[in-house]
Amino acid sequence: MPPAAARRSRSLAAALEPVVGQVYFSPECHEAYARLGFAGSPGQLGAVALPDGPAYFTSRGSLLGQVQPAVIAAAFGVFKPAVVQAGVQHGWSLTDAPTIFAARRAGAVAQLERVLGPAGDDVGRTATLLERAVDPLGVEGRPLYAGLESWWDDPSDPWTRLFHLGDMLRECRGDAHVAAWSSAALDAVEIGLLNDVYMGLPLKSYVRTRGWSDEELEAGEARLVQRGWLADGALTAAGRDAREAIEDATDRGMARAVAALGDDLDAVLDVLRPWGEKIRATGAYVGGPVDLWPNRDD
């Protein structure tokens, strides 16, 4: 994919991330999940309230509806399936998909309103542009995106519209990423290890948040070394090319959305980026992989 096109795709994802990803750190969400019977936030990282594991898996899994835990684990891709399935099994004993989906969306919107204030004209305009970006996307091969599309109820509230549409774009890119790395004959442990070093982190660091054991990580590293993609805890030239090809394929999966925005992408970024900065500054988002992408267009 041409570098300029890749930068546009990644810039949109990076700008959306704190505005949408804050749902997983929203105190309003944590409190709503606790009322359903989940544990509250287990603690803080700086000023950010971290999520309860089962509440995270069940709330995000609710995008797919009332499905079996293994289906949710398959869609998430990068987590250890047994960890996801146990969390969702517990979650479905406490609540159902419509209830926790509503709590999730309402909690995300409540945090946006608390941090960024009542919706102004810029919220409505940006939501309209995000709807344009979503319009050409299909559900084929995009399970989490498809789930969010099925929950779309054409809400009148501007913040709710913006969050839901942004969530669709975020999960669409995630679906495209899972398709890209699985098509490269990688498993979840292997892509997690590659992601660590691709982002400039120590090997076997961020991937640990996905539930894998030391033994599983060591075996995954050995497979990547044998494949010629890792050596001495770093990407080889072949490994870097392969990992960048996966990100390029992910970018191609979002090409229709970016093309639909056209020159208005800059207007979207001009609004989302200051919002993201404020969200981070107030402890509403902890940061994530998109913050560490190589060659981001900032």
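The structure under discussion appears in the preceding block.
Here the structure is a predicted model, which means the values were calculated and not measured. (Residues numbered from 1 in each chain as written. Predicted model: local features only at pLDDT ≥ 70, side-chain atom pairs only at ≥ 80, totals over all residues. Heavy atoms only, no water.)

A. Region of the structure containing the nonpolar core. L169 and W275 are the most contacted members of the largest nonpolar core, which totals 87 residues. Top element by residues in this core is helix α9 (residues 158-183). It accounts for ten residues. Leaving out residues up to four positions away in the same chain, L169 has contacts with L16, L130, A133, V134, L137, M254 and A257. (Core = buried A, V, L, I, M, F, W, Y, C linked by side-chain atoms within 4.5 Å. Buried < 20%, exposed > 50% of the residue type's maximum accessible area, 1.4 Å probe, protein only. Helix = DSSP H or I, 4+ residues; strand = E, 2+ residues; numbered from the N terminus. Contact = heavy atoms within 4.5 Å.)

B. Molecular detail of empty space enclosed by the protein. Inspection of every chain in the model, using the stated rule, returns one cavity of 30 Å³ or more. Here the largest cavity defines a volume of roughly 50 Å³. Around the largest cavity, the lining residues are V23, Y24, C29, H30, Y33, P51, D52, A55, Y56 and S59. Broken down by secondary-structure element, the contributors of at least two residues to the lining of the largest cavity are α2 (27-35) and α3 (53-61). When grouped by side-chain class, the residues that make up the lining of the largest cavity number seven nonpolar, two polar and one charged. (1 Å grid on protein atoms, 1.4 Å probe; cavity = no way out; pocket = protein on both sides within 12 Å on 5 of 7 lines; lining within 4 Å. Points joined across faces, edges and corners; volume = space filled by probe spheres on them. Nonpolar A, V, L, I, M, F, W, Y, C, P; charged D, E, K, R; others polar.)

C. Structural view of the packing of aromatic side chains. By the definition in use, this model includes eleven aromatic pairs. Ring geometry for Y33 against F38: centres 6.4 Å apart, planes inclined by 70°, an arrangement best described as edge-to-face. Under the relative-accessibility criterion, F38 is labelled buried at 5%. In this arrangement the basic side chain of R60 is found over the ring face of F76, its NZ or CZ atom lying 4.3 Å from the centre. Between R243 and the ring centre of Y198, over which it is positioned, the NZ or CZ distance is 4.1 Å. (Phe/Tyr/Trp six-rings, centres within 6.5 Å; stacked < 30°, edge-to-face > 60°. Lys NZ or Arg CZ within 6 Å of the ring centre and 35° of its normal.)

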